[in-house]
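# Structural overview
Take a look at the letters that make up each chain.
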Amino acid sequence: MSLNAKFSAATYARRRRQLMRMAGDDAILVLPAAPERVRSRDTHFPYRQDSDLWYLAGFEEPDAVLVLVPGRAHGETLLFCRERDPDREAWDGPRVGPEGAVDALGLDDAYPIDDLDEILPGLLEGRSRVYYHFGRDTDFDLKLIGWLNRVRAQVRLGAQPPHEFLELGHLLDEMRLFKSREELRLMKRAGRISVEAHAAVMRAARPGVHEYELQAELEYVFRRHDAAPAYESIVGAGDNACVLHYRANRAKADAGDLVLVDAGAEFGGYAADITRTFPVDGVFSAEQRALHDVVAQAHAEAAAQARPGVAYGVIHDTAVAVLVEGLLRLGLLKGKAAKLIAEGAYKRFYPHKTGHWIGLDVHDVGDYRIDGESRLLEPGMVFTVEPGLYVPADARGVADKWRGIGIRIEDDFAITRDGHELLTPGLPRSADEIEDFMASR
Ligand code: GLY
Ligand code: MN
Ligand code: MN
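A short tour of the structure in this document, coming up.

What counts, and where the lines are drawn
- Residues numbered from 1 in each chain as written.
- Chains lettered and ligands numbered in written order.
- Predicted model: local features only at pLDDT ≥ 70, side-chain atom pairs only at ≥ 80, totals over all residues.
- Heavy atoms only, no water.
- Near = heavy atom within 4 Å.
- Polar contact = N/O pair within 3.5 Å; in protein donor to acceptor, adjacent residues only side chain to side chain.
- Nonpolar A, V, L, I, M, F, W, Y, C, P; charged D, E, K, R; others polar.
- Donors = N, O, S within 2.8 Å, 3.2 Å for Na, K, Ca; no water.
- Tetrahedral: all angles 85-135°; square planar, octahedral: opposite > 155°, others 65-115°.
- Helix = DSSP H or I, 4+ residues; strand = E, 2+ residues; numbered from the N terminus.
- Buried < 20%, exposed > 50% of the residue type's maximum accessible area, 1.4 Å probe, protein only.
- Pairing = 2+ DSSP bridges.
- Axes fitted to C-alpha atoms, helices over the stretch in contact; angles between N-to-C directions.
- Contact = heavy atoms within 4.5 Å.
- Salt bridge = Lys/Arg side-chain N within 4 Å of Asp/Glu carboxyl O.
- Core = buried A, V, L, I, M, F, W, Y, C linked by side-chain atoms within 4.5 Å.
- Expected span 1.5 Å × (residues − 1).
- Arc of directions from axis to C-beta.
- Patch = residues over 30% accessible without salt bridge, like charges linked within 9 Å, V, L, I, M, F, W, Y side chains within 5 Å.
- Areas by Shrake-Rupley, 256 points an atom, 1.4 Å probe, with all protein chains shown as cover.
- Lys, Arg positive; Asp, Glu negative; His and termini not counted.
- Charge placed at Lys NZ, Arg CZ, Asp CG, Glu CD.
- Phe/Tyr/Trp six-rings, centres within 6.5 Å; stacked < 30°, edge-to-face > 60°.

## Quick word on the site of ligand 1
- As a matter of local geometry, ligand 1 sits amid Tyr-231, Asp-262, Asp-273, His-356, His-363, Glu-386 and Glu-410.
- With respect to ligand 1, the side chain of Asp-262 contributes an N or O atom lying 3.1 Å from a nitrogen atom.
- Take Glu-386: an N or O atom from its side chain is 3.0 Å from an oxygen atom of ligand 1.
- Split into classes, the residues belonging to the shell around ligand 1 amount to one nonpolar, two polar and four charged.

As structure tokens, this is what we get:
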């Protein structure tokens, strides 16, 4: 039996206890594994476990359901999973099996997944509240409704069906938002791998290189470190840098082009998310450098705000203020900064936000606002800072020399007790650093 879990059984048990305490003794929590998805006929997309199940159990097989039943005398933590099967395991690799899962994962009990239909209605009976992610997996939603209906059908015989249905994320997302020291260790490792991968790309860049060749450099480094892309790597040369989620990665980078690379490794389930924009031939043109300097300044000033007690929204507001000032100075915008910001006129060059929580999901869970207000930063929160400027090739009312330039700079930051820690250190960021790095290849 092999388990690839990254933390001790005690750590997962502690997380489950914390979640059950918040849910209360009359609740039941149901967490299905991510479904396998067909890619082509009988082959599947690479399997990735549901982040919540991974967070609470470190269990990586499909066809499983974790059920938490706080206060239940005969066991609070139950896993339904695939049974051992020598024939299938000879084809697909080993399975943990219910017997193995109890010990390896520190659970109270485990059952074959085929018994779920028979057992789950009995677990729901007598519980007043069900915590579950409604709407994430419609097939499973229907199964859950079927089990609930089975309990409801027994009401005249004295059964008590649950009567409150709550969003599991309301409790669990808040737990996941705050990263422990051991989670931060994995995130730093994902950061280090990603930094090495971006450096490899800058080293390999030459006029005439194709975007997919640079993507291969990235992903070679990821795999060498037992990591995988946390999301589809974006490698956009020239105008393609202006397409925010460009993924075709097919074009050729010519001398004079900038290349925007937005890519991060996932290690142990935790994502990194880095963007750099560099000249394929190692030297920025005057216009490229001018815009890059503005974005780099926005990145630096926004990141400098990252400390406990600061409202998360301040990061974005700081970046926008620097970008607008730069756009005015360069003549790409005209008017008064305050008005351009209030009216959102800058959005034609900066249409996205300056960052997002990052963790098990690259766009991680957690509320950004509380009671309508931007929430205050606290130690353990991790997020990206990723300002950019994009002047599409067909932008109107813009001097020709700016057209087709797209730039983004992105790093990952953890809030500490008295400030922040950069999780993606050591990668050239400013125009000078990038030119020096590329000249010394
Ligand atoms: N790579 C997606 C993002 O930066 O949010
Ligand atoms: Mn990114
Ligand atoms: Mn990002």
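## Details of the coordination of the manganese ion (ligand 2)
- Protein ligation of the manganese ion (ligand 2) involves Asp-262 (OD), Asp-262 (OD), Asp-273 (OD) and Glu-410 (OE), the donor distances falling in the range 2.0 to 2.5 Å.
- One can describe the site at the manganese ion (ligand 2) as irregular: its six donor atoms subtend angles covering 56 to 169° at the metal.
- Separation of the manganese ion (ligand 2) from the manganese ion (ligand 3) amounts to 3.3 Å, with Asp-273 serving as a shared donor to the pair. On the criterion of sequence distance, the pair formed by Asp-262 in strand β11 (residues 258–263) and Glu-410 in the loop between β19 (405–408) and β20 (411–415) is long-range, its members being 148 residues apart. One exposure class covers both Asp-262 and Glu-410, and it is buried.

## Considering the sheet that holds β11
- Read across the sheet, three strands follow the order β10-β11-β14 without closing on themselves; strand pairing throughout is antiparallel. The open sheet is flanked by β10 (234–237) and β14 (274–279), the only strands paired with a single partner. The sheet shows a mean angle of 10° between the axes of neighbouring strands, direction not considered.
- Packed onto the sheet, helix α9 (residues 211–224) meets β10 and β11 and runs at close to 150° relative to β10.

## Thoughts on the pattern of salt bridges
- The tally for this structure, following the rule as stated, stands at 26 salt bridges.
- Residues Arg-48 and Glu-266 are paired through a salt bridge, measuring 3.0 Å at the closest nitrogen-oxygen approach. Linking Arg-48 in the loop between β3 (43–44) and α2 (51–57) with Glu-266 in strand β12 (residues 265–267), this pair joins segments that are 218 residues apart in sequence.
- Taken together, the salt bridges that share partners define one network made up of Asp-50, Asp-52, Arg-136, Arg-176, Lys-179, Asp-361 and Asp-364.

## Considerations on the nonpolar core
- Among the nonpolar cores identified, the biggest contains 122 residues, and Leu-79, Val-259, Phe-278, Leu-377, Phe-383 and Leu-389 are the most heavily contacted of them.
- The dominant element in this core, judged by the number of residues it contributes, is helix α8 (residues 181–204), at 11 residues.
- The contact partners of Phe-278, leaving out residues within four places of it in the chain, are Val-201, Met-202, Ala-205, Asp-257, Leu-258, Val-259, Val-261, Phe-284, Ile-434 and Met-438.
- Tyr-111, Leu-116, Leu-144 and Ala-159 belong to the second largest nonpolar core, which has 20 residues in total.

## Observations concerning the coordination of the manganese ion (ligand 3)
- At 2.0 to 2.2 Å from the manganese ion (ligand 3) lie its protein donor atoms, namely Asp-273 (OD), His-356 (NE2), Glu-386 (OE) and Glu-410 (OE).
- Its six donor atoms give the manganese ion (ligand 3) angles of 52 to 158° at the centre, a pattern that matches the irregular case.
- Mapping the donors of the manganese ion (ligand 3) onto the primary sequence yields the spacing D-x82-H-x29-E-x23-E.

## What about α9?
- Compared with an ideal rise of 1.5 Å per residue, which puts 14 residues at 20 Å, α9 spans 20 Å between its outermost C-alpha atoms and is within 8% of the ideal.
- Buried residues of α9: Glu-211, Leu-214, Leu-218, Val-221 and Phe-222, and no others. End-on view of α9: buried residues confined to an arc of 105°, all on one side of the axis. Structural note: α9 exposes Tyr-220 and Arg-223 on the side pointing more than 90 degrees away from its buried face.
- Those residues of α9 that are buried lie in contact with α8, β9 (228–229), β10, β11 and β12.

## What about the side chain of Arg-375?
- Summarising the element assignment, Arg-375 is placed in the loop between β16 (373–374) and β17 (382–385).
- In terms of polar contacts, Arg-375 uses its side chain to reach the backbone carbonyl oxygen of Asp-367, at 3.0 Å.
- Excluding its chain neighbours within four sequence positions, the residues that come into contact with Arg-375 are Glu-174, Leu-177, Phe-178, Val-310, Ala-311, Tyr-312, Trp-357, Asp-367, Tyr-368, Arg-369, Ile-370 and Met-381.

## Description of the sheet that holds β20
- Pairing is antiparallel across the open sheet formed by three strands, whose spatial order is β17-β20-β21. At either end of the open sheet lies a strand with only one pairing partner, and these are β17 and β21 (420–422). Averaged over all pairs of adjacent strands, the angle between strand axes in this sheet comes to 35°, irrespective of strand direction.
- The pairing of β20 with β21 spans three bridges and is classified as antiparallel. Bridging from a neighbouring strand, Ala-414 pairs with Glu-421 of β21.

## Brief notes about a negative patch on the surface
- A surface patch of like charges, here negative, comprises Glu-36, Asp-63, Glu-83, Glu-99 and Asp-114.
- Mapped onto the secondary structure, Glu-36 falls in the loop between β1 (27–32) and β2 (38–40).

## Things to note about the environment of Leu-171
- Inspection of the secondary structure puts Leu-171 in helix α7 (residues 169–177).
- Taking the C-alpha atoms as reference points, Leu-171 and Met-20, 151 residues apart in sequence, are found 9.5 Å from one another.
- The contact partners of Leu-171, leaving out residues within four places of it in the chain, are Leu-19, Met-22, Ala-23 and Tyr-131.

## Regarding the packing of aromatic side chains
- Summed over all chains, the structure comprises 12 aromatic pairs.
- Between Trp-357 and Phe-383, the aromatic rings sit 6.2 Å apart at their centres with planes inclined by 70°, giving edge-to-face as the arrangement. With Trp-357 in the loop between α12 (337–343) and β15 (369–370) and Phe-383 in strand β17, this residue pair connects regions lying 26 residues apart in the sequence.
- Overall, the relative accessible area of 0% leaves Phe-383 in the buried class.

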